[in-house]
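Examining the three-dimensional arrangement
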Amino acid sequence: MKHFVRSVKYCIYLAVILCLVIAALSVAGWVGNSVESVFRNGWRSIGQIGLILAAFSALYPLFGFGSRELIMPGAYEEVRPVVLAFMEGRGYRLEREEGENLYFRLRNPLNRLTRMFEDRISFTRGITGFSVEGPSKDVVRVLSGLDRREV
């Protein structure tokens, strides 16, 4: 279900951006004001663009979100402050803590909006450290930064 919701959000996001770009081009006078003058095949092009947006939107959650392992030796009481300080320094706040699992969200509402509120990064405690899950680019940045820190 999470994949479907992310796909729908991304499809809407892309459609809004596309509409804004076309509206800006129309206001600037670079393209016409009717669908037939903007697109070669008129309304048929709208359907083709919709199919392309749907395809990209269906694939995006497969590549845009992921989970990776973070090796952090030590007791939870030792590594927790390190993770909290690191995430706070990167603009995240602790959303909730369940046992030894940590869940973070971005503090800045504008950043959250631009990511369609899909900004949660979760740290699930494992034997050797954490399993970090969230947007792929953020997970890679977090892992890279925490790997360089000393506990």
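Treat the numbers as computed from the prediction; the structure is a model and nothing was measured.

Conventions we followed
- Residues numbered from 1 in each chain as written.
- Predicted model: local features only at pLDDT ≥ 70, side-chain atom pairs only at ≥ 80, totals over all residues.
- Heavy atoms only, no water.
- Axes fitted to C-alpha atoms, helices over the stretch in contact; angles between N-to-C directions.
- Helix = DSSP H or I, 4+ residues; strand = E, 2+ residues; numbered from the N terminus.
- Parallel < 35°, antiparallel > 145°, perpendicular 65-115°, else oblique.
- Left-handed = near helix turned anticlockwise from the far one by under 90°.
- Contact = heavy atoms within 4.5 Å.
- Nonpolar A, V, L, I, M, F, W, Y, C, P; charged D, E, K, R; others polar.
- Buried < 20%, exposed > 50% of the residue type's maximum accessible area, 1.4 Å probe, protein only.
- Salt bridge = Lys/Arg side-chain N within 4 Å of Asp/Glu carboxyl O.
- Polar contact = N/O pair within 3.5 Å; in protein donor to acceptor, adjacent residues only side chain to side chain.
- Phe/Tyr/Trp six-rings, centres within 6.5 Å; stacked < 30°, edge-to-face > 60°.
- Lys NZ or Arg CZ within 6 Å of the ring centre and 35° of its normal.

One can describe the packing of helix H4 (residues 76-89) onto helix H6 (residues 136-148) by two numbers: an axis separation of 11 Å at closest approach and a directional angle of 125 degrees. Relative to H6, the element H4 lies oblique. Handedness of the H4/H6 crossing: right-handed. Seen from H4, the contacting residues are Val-82, Val-83, Phe-86 and Met-87; seen from H6, they are Arg-141, Val-142, Gly-145 and Leu-146. Of the residues that constitute the contact of H4 with H6, the class distribution is six nonpolar, one polar and one charged.

Right, let's talk about the environment of Ala-75 for a bit. By the secondary structure assignment, Ala-75 is in the loop between strand E1 (65-71) and H4. The class for Ala-75 is partly exposed, based on a relative accessible area of 34%. Along the chain, Ala-75 and Arg-115 lie 40 residues apart, while their C-alpha atoms are 33 Å from each other.

In the structure shown here, the tally under the stated rule is 13 salt bridges. Note that Arg-105 and Glu-95 form a salt bridge whose closest N and O atoms lie 3.5 Å from each other. Of this pair, Arg-105 sits in strand E3 (residues 101-106) while Glu-95 sits in strand E2 (residues 92-98), and the two are 10 residues apart along the sequence. Among the charged side chains, a network of salt bridges with common partners joins Glu-95, Arg-96, Glu-98, Arg-105, Arg-112, Asp-119 and Arg-120.

A word on the side chain of Ser-45. Take Ser-45: it is sitting in helix H3 (residues 43-64). On the basis of relative accessible area, Ser-45 is assigned to the buried category, the value being 8%. Of note is the side chain of Ser-45, whose polar atom sits 3.3 Å from the backbone nitrogen of Asn-41. Dropping the residues within four chain positions of it, Ser-45 is found in contact with Phe-39 and Arg-40.

Moving on to the packing of aromatic side chains. Considering all chains together, one arrives at five aromatic pairs under this definition. Measuring from ring centre to ring centre gives 5.9 Å for Tyr-60 and Phe-65, while their planes differ by 75 degrees; the resulting arrangement is edge-to-face. The exposure class assigned to Tyr-60 is partly exposed, which follows from its relative accessible area of 30%. Plain terms: the ring middles of Phe-104 and Phe-123 are 5.5 Å apart, the flat faces sit at 80 degrees to each other, and that makes the pair edge-to-face. One end of the pair, Phe-104, is in strand E3; the other, Phe-123, is in strand E4 (residues 121-125), with 19 residues separating them in the sequence. On the basis of relative accessibility, which here comes to 0%, the residue Phe-104 falls in the buried class. Phe-123 gets classed as buried once you look at its relative accessible area, which sits at 0%. Three or more aromatic residues link up through ring pairs in this structure, and these residues are Tyr-10, Tyr-13, Tyr-60 and Phe-65. Cation over ring: Arg-6 sits above Phe-65, and NZ or CZ is 3.7 Å from the ring centre. Above the plane of the ring of Tyr-103 lies Arg-96, whose end atom (NZ or CZ) is 4.0 Å from the centre.

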